[in-house]
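Descriptive analysis of the structure
The primary structure of each chain is shown beneath.
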There are 2 protein chains.
Amino acid sequence: MHSFKELIDLFCERFNQPQFPTAPAGLYEPASYFLGIGGKRIRPAACLMGNELFGDIKEDCWQIATAIELFHNFTLMHDDIMDKAALRRGQTTVHVRNGENTAILSGDVMLVQAYHCLEDISVEYQSWILKLFNQTAREVCEGQQYDMDYEAVKEVSLEDYIQMIKLKTSVLLAASLKMGAIVAGATVHNCDRVYSFGKNLGIAFQLQDDYLDCFGDPEKFGKQVGGDILRNKKTCLLIKAKELAGGPQKQALEDLLAFQPETEAQQEEKVKGVLDIYRKTGVQEVTRALIEQYAQKAMNHLDQVVVVSTRKQPLQQLAEYLLQRDY
Amino acid sequence: MHSFKELIDLFCERFNQPQFPTAPAGLYEPASYFLGIGGKRIRPAACLMGNELFGDIKEDCWQIATAIELFHNFTLMHDDIMDKAALRRGQTTVHVRNGENTAILSGDVMLVQAYHCLEDISVEYQSWILKLFNQTAREVCEGQQYDMDYEAVKEVSLEDYIQMIKLKTSVLLAASLKMGAIVAGATVHNCDRVYSFGKNLGIAFQLQDDYLDCFGDPEKFGKQVGGDILRNKKTCLLIKAKELAGGPQKQALEDLLAFQPETEAQQEEKVKGVLDIYRKTGVQEVTRALIEQYAQKAMNHLDQVVVVSTRKQPLQQLAEYLLQRDY
């Protein structure tokens with residue numbers, strides 16, 4: 001059995017081999033470049049952990065882990081176009097570096113390559129894996145659509161927001177864990193518990209990402225604090241603040257949302273003003289409680305997996321890693 | 001057994017049912033709209049024909065035919081973005097109607113939906129079908145890349161051009177026929193012959209499309225004559241003309257290629273000038289001979305399929321339909 005970090009290293013050793021043919025270079029070089037930007041490779045490691053929870057890592061699992069990471073990168077490459085993002089991990093995005101057409105087509109071929117990795121899965125699991133992979137891929141597209149839809153509407157309920165982040169980010173973590181469990185021959189009960197663990201952990205992780213964007217230590221968080229606030233992003237915090245703010249606070253919040261800062265000083269002013277309301281309305285605590293609630297749900301599902309406790313340790317490490325309390 | 005046209009009708013009856021969920025509408029409505037634009041549905045019909053060549057149509061084959069048509073529409077939706085095409089079959093394209101982000105994401109989910117149709121293929125064929133589907137999808141992306149690459153280079157060899165159209169258009173026809181044959185339980189020999197029939201037929205069809213763009217009857221062809229000429233597209237005809245043109249003709253051709261017409265009269269002048277060179281250099285006949293050569297190759301492969309001759313009639317109808325001699 002391996003620790004979470006060991007599994008990441010083992011996966012990277014394999015994944016850092018060339019994943020694509022060389023020609024046509026215009027198609028495959030940008031795809032290779034994008035993989036080379038790196039990433040935490042959490043999902044493929046989670047897939048391997050789902051397998052090791054129940055036994056030695058199967059060759060099928062390595063293939064699925066690769067498919068998952070290729071799929072994830074396909075979504076990132078296309079999301080970057082949609083978000084007009086110029087940088088990813090400090091590197092130029094493909095649509096800026098090679099043009100939008102290339103980013104569309106290289107992304108497409110990356111998705112096909114992901115399915116290519118599922119060709120040789122053992123016959124006994126292939127249909128099951130393909131179904132879960134397709135369902136997850138469809139849900140991730142739906143999540144991205146809801147995310148874009150919610151930018152254009154005035155009000156989003158907390159329930160809809162959590163459904164959106166579930167689709168956009170947590171089903172892929174959940175499916176990664178479950179696919180590993182499936183090819184390890186786990187029972188349906190265990191596969192489902194592992195999935196629910198991943199789903200709730202993913203939601204907790206995303207909520208925490210929203211929280212840290214407001215209250216995180218910028219050095220540890222690695223992003224500028226207040227990015228979501230400046231983009232008026234309807235995160236859990238903003239949604240709850242609108243709900244909890246009384247008359248004058250409500251008006252102050254509306255004014256801050258309408259305010260479009262032009263200078264850096266004005267930006268700081270807006271962030272400070274919104275954070276102040278988040279603190280006064282208790283949104284800070286409400287969000288922490290919500291994160292805790294989903295994290296607890298995740299751990300409860302893990303508890304219900306029928307396997308000796310020592311096998312669960314890497315999944316506990318994963319949860320700790322994803323939910324490091326930097327506040 | 002059914003005729004080619006009957007199979008198209010039978011396929012449409014099934015395919016015209018809703019192919020997508022309703023929500024989120026922003027994702028699925030544009031995908032449904034795009035399918036509603038219609039199309040000749042040649043590839044799924046070819047898939048059914050590949051099956052009927054060897055026996056009654058299997059449920060697997062209907063699923064694969066649907067996957068093929070969804071895949072084809074995914075490529076069209078993304079190609080329309082890349083080509084900045086405003087219309088398809090006289091209807092507004094998705095990126096113009098709903099924006100580029102929607103066209104990217106709806107196209108993505110259409111590809112996922114294509115794979116969804118392959119989930120329940122019989123275990124004995126699933127891996128084989130998945131492999132051929134992936135290989136074909138990858139090749140179609142490669143063909144699109146080469147097509148874009150060739151726009152930017154000065155010279156393309158006829159060999160490279162034919163390789164490009166093979167990847168971009170004919171492998172999908174070939175794979176459609178072969179996948180039908182596979183799930184009908186055909187032998188490897190027969191599956192391979194059917195594939196080669198489709199591949200060569202597809203090349204002949206594309207070369208004829210290039211030919212008709214220059215020498216077709218505009219009413220029967222359904223497109224404006226000379227479109228490729230006005231875009232300086234490096235088709236088989238232009239490549240051969242550059243090769244065969246003597247000194248003064250060569251210079252005249254270069255001048256015409258450099259000439260960027262602004263008025264309609266200038267456009268007519270350019271088309272007329274280039275067609276004149278195509279006639280004088282014998283490119284018209286050379287291209288017809290080339291089409292004939294690939295058509296003949298296709299029929300030779302069909303001859304070698306080991307099955308009673310009457311079963312081959314629909315495939316002969318397909319070849320006749322695709323290579324109607326409108327010149």
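Everything numeric here is computed off the predicted structure, so don't read it as measured data.

Reading guide: rules and limits
Residues numbered from 1 in each chain as written. Chains lettered and ligands numbered in written order. Predicted model: local features only at pLDDT ≥ 70, side-chain atom pairs only at ≥ 80, totals over all residues. Heavy atoms only, no water. Helix = DSSP H or I, 4+ residues; strand = E, 2+ residues; numbered from the N terminus. Rg over C-alpha atoms; globule rule 2.2 N^0.38 Å. Buried < 20%, exposed > 50% of the residue type's maximum accessible area, 1.4 Å probe, protein only. Contact = heavy atoms within 4.5 Å. Areas by Shrake-Rupley, 256 points an atom, 1.4 Å probe, with all protein chains shown as cover. Lys, Arg positive; Asp, Glu negative; His and termini not counted. Charge placed at Lys NZ, Arg CZ, Asp CG, Glu CD. Least-squares fit on C-alpha atoms with pLDDT ≥ 70 in both. Buried area = accessible area lost by both parts, 1.4 Å probe. Salt bridge = Lys/Arg side-chain N within 4 Å of Asp/Glu carboxyl O. Polar contact = N/O pair within 3.5 Å; in protein donor to acceptor, adjacent residues only side chain to side chain. Nonpolar A, V, L, I, M, F, W, Y, C, P; charged D, E, K, R; others polar. Axes fitted to C-alpha atoms, helices over the stretch in contact; angles between N-to-C directions. Left-handed = near helix turned anticlockwise from the far one by under 90°.

1. Some details on the overall build of chain A
Across its full length, chain A carries 16 helices and two strands. Against the globule reference of 20 Å for 327 residues, chain A gives a C-alpha radius of gyration of 21 Å, in line with a compact fold. Taken along its principal axes, the extent of the C-alpha atoms in chain A is 65 × 50 × 30 Å. Scored against the burial criterion, the 327 residues of chain A give a buried share of 57%. A fraction of 75% describes how many contacts in chain A between residues 6 or more apart in sequence connect residues 24 or more apart. Within the structure as shown, chain A displays about 13,700 Å² of accessible surface, and the carbon and sulfur contribution to it stands at 48%. The positive charge centre, built from 35 side chains, and the negative charge centre, built from 45, are 3 Å apart in chain A.

2. Section: the relation of the copies chain B and chain A
Once chain B has been moved 0.0 Å along the axis and rotated by 180°, it coincides with chain A to within an RMSD of 0.0 Å. One copy is carried onto the other by what is essentially a two-fold rotation axis. The position closest to the rotation axis in chain B is occupied by the C-alpha of Val123 of chain B, lying 3.3 Å away. Of the residues that chain B buries at the interface, 100% are likewise interface residues in chain A, meaning the two copies contact each other through the same surface.

3. As for the interface of chain B and chain A
Listed per partner, the contact involves 38 residues of chain B and 38 residues of chain A. With both chains or domains summed, chain B and chain A bury close to 3,700 Å², and 65% of this area falls on carbon and sulfur atoms. The interface formed by chain B and chain A holds two salt bridges in total. Note that Asp120 of chain A and Lys131 of chain B form a salt bridge whose closest N and O atoms lie 2.8 Å from each other. Our count for the contact surface shared by chain B and chain A stands at 14 residue pairs in polar contact (both at pLDDT 80 or more). Those elements that place two or more of their residues in the side of chain B that touches chain A are helix H2 (25-36), helix H4 (59-82), helix H6 (100-116) and helix H7 (123-152) of chain B. The biggest single contributor to the side of chain B that touches chain A is H7 of chain B, with 15 residues. Broken down by class, the residue content of the side of chain B that touches chain A amounts to 20 nonpolar, 10 polar and eight charged.

4. A closer look at unusual backbone geometry
Outside of glycine, negative phi angles account for most residues, and trans bonds account for most peptide bonds. For the peptide bond that leads from Ala23 of chain A to Pro24 of chain A, omega is -5°, which places it in the cis range. Here Pro24 of chain A is to be found in the loop between helix H1 (4-15) and helix H2 (25-36). Of note in the backbone geometry, Asn232 of chain A takes a positive phi value of approximately 55° without being a glycine. The class for Asn232 of chain A is partly exposed, based on a relative accessible area of 27%. With phi around 50°, Lys84 of chain B is a residue other than glycine that occupies positive phi space.

5. As for the packing of helix H7 (residues 123-152) of chain A against H7 of chain B
For any two helices packed against each other, the geometry comes down to the angle between their axes and how far apart the axes lie. H7 of chain B packs onto H7 of chain A with a crossing angle of 65° between their chain directions and a minimal axis gap of 10 Å. Relative to H7 of chain B, H7 of chain A is oriented so that their crossing is left-handed. Contact residues: H7 of chain A offers Val123, Gln126, Ser127 and Leu130 of chain A, while H7 of chain B offers Val123, Gln126, Ser127 and Leu130 of chain B. Of the residues in the contact of H7 of chain A with H7 of chain B, the class split is four nonpolar, four polar and no charged.

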